[in-house]
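# Chains, contacts and geometry: an overview
This is what each chain is made of:
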Amino acid sequence: MPSRALVDWRTDACAAFDEIEHAHRAVGGTRPGRRFVTQQLNYAYVTLLAARFQGFARALHSQTADEIALGAHNLDYQLLLLESLTSSRLLDRRNAHPASIATDFERFGIDVWSKVDAMRKDGDERRKKLEALIMWRNAISHHDIDAKLSKGALDPLSINLDTCRSWRSALGVLAACLDRAAADRCEELGLARPW
Amino acid sequence: MRDAPAAAAEPLKVGDKVVLRIAGSARYGVVVEDRGPLAANGSQMVAIQIGDHEDRRFEMRAEYLERVPA
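Residues numbered from 1 in each chain as written. Chains lettered and ligands numbered in written order. Predicted model: local features only at pLDDT ≥ 70, side-chain atom pairs only at ≥ 80, totals over all residues.

### Re the interface of chain A and chain B
Inclusion rule: A residue pair is marked as a contact if its C-beta atoms, positioned from the backbone, fall within 7 Å. The way it works is that DSSP assigns letters per residue, a run of H or I at least four long becomes a helix, a run of E at least two long becomes a strand, and they are numbered from the N terminus. Residues are sorted three ways: Asp, Glu, Lys and Arg are charged, Ala, Val, Leu, Ile, Met, Phe, Trp, Tyr, Cys and Pro are nonpolar, and all the rest, Gly among them, are polar.
Tallying the contact residues gives 21 residues for chain A and 18 residues for chain B. Mapped onto the side of chain A that touches chain B, the elements with two or more residues apiece are helix 2 (34–70) and helix 3 (75–86) of chain A. Classifying every residue of the side of chain A that touches chain B by side-chain character gives eight nonpolar, seven polar and six charged.

As structure tokens, then:
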């Protein structure tokens, strides 16, 4: 049984992504204006992917912190641990950029991306996709796509449904690996495997 | 290990004022986010903020918090 964070990703989040895919199909055809509508759907898809992945990463961090705190030998120590492990996290106020995830998971004493890379090949490629997704998400949310394109700050230069699907697939693998890395860490700390 | 306090009868909600007691000290805060049943046994976790500073925000099991009457 995976973490609740991963279960939510695979059910609620993926159902939301599927709704965007259904909307894409619903505006199919060759009518003038279709391209504009589908591009807005792609932008919505990007924003949703970034938001849901941030939610997943935060929830996984919270669950891991709670499991580690439960291992403390008295309640006061539990409370202090839980507070310090979750206080002022980057994931509470920034996107789920790989660097933010690494910084917050360092509180558990792990280099989380090294762990993830050891599980599956092409981890670096998936992290680059996460970075690209977040750059695009910021450009969409701040309405400065053209300015960022002119500075060469967006890669790829355009997005379509296949781009979103590729990012979604990469995030799914990253989510599963992060979930396993967190559970492994609990075991390394002498706790029962939590999920 | 000391037993955890009994869970509040009603789930905490955003805006509830709460107190966290650790080792004889009391910290007063407000629930800023309901994180849902994320705790190990499926119980509620919430994000609370102490004072006016967003930096002083952290997460806690709801069962460890006492609701402060309005």
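### Here we look at the nonpolar core
The cut-off we apply is this: Each nonpolar core comprises buried Ala, Val, Leu, Ile, Met, Phe, Trp, Tyr and Cys residues, the members being joined through C-beta atoms within 7 Å. Buried residues are those with 20 or more other C-beta atoms within 10 Å of their own C-beta, exposed residues have 12 or fewer, and partly exposed residues lie in between; C-beta atoms are placed from the backbone.
A:Leu49, A:Phe56 and A:Leu178 are the most contacted members of the largest nonpolar core, which has 58 residues in total. Looking at this core, the element that brings in the most residues is helix 2 of chain A, giving 13 residues.

### Observations regarding the pairing of strand 3 (residues 45–50) of chain B
Remember that side chains alternate between the two faces of the sheet whenever the strand is regular. All names here are of chain B. Rule in force here: When DSSP locates at least two bridges between a pair of strands, those strands are taken to pair.
The sheet contact formed by strand 2 (residues 25–36) and strand 3 spans six bridges and is antiparallel. Opposite Gly 36, over in strand 3, you have Met 45 as the bridge partner. Between strand 3 and the antiparallel strand that follows it, strand 4 (residues 57–61), lie six residues; Gly 51 among them carries a positive phi value of about 70°.

### Overview of the sheet that holds strand 3 of chain B
Threshold: Axis geometry follows a simple rule: fit a line to the C-alpha atoms, using only the stretch in contact for helices, then measure angles between N-to-C directions, giving values from 0 to 180 degrees.
Ordered by their spatial adjacency, five strands build an open sheet running 4-3-2-1-5 (chain B), and the pairing between neighbours is antiparallel. Of all strands in the sheet, those bounded by a partner on one side alone are strand 4 and strand 5 (65–67) of chain B. For this sheet, the mean inter-axis angle between neighbouring strands, taken without regard to orientation, is 45°. Of the pairings in the sheet, the one linking strand 1 (residues 17–22) of chain B to strand 5 of chain B comprises three bridges and is antiparallel in character. Residue pairing for strand 5 of chain B: B:Leu20 is matched across the bridge by B:Leu65. Along the sheet, helix 2 of chain A makes contact with strand 2, strand 3 and strand 4 of chain B, crossing strand 4 of chain B at roughly 60°. Of the strands in this sheet, strand 1 and strand 4 of chain B touch helix 3 of chain A, which is tilted by about 140° from strand 4 of chain B.

Structural measurements only, silent on function.
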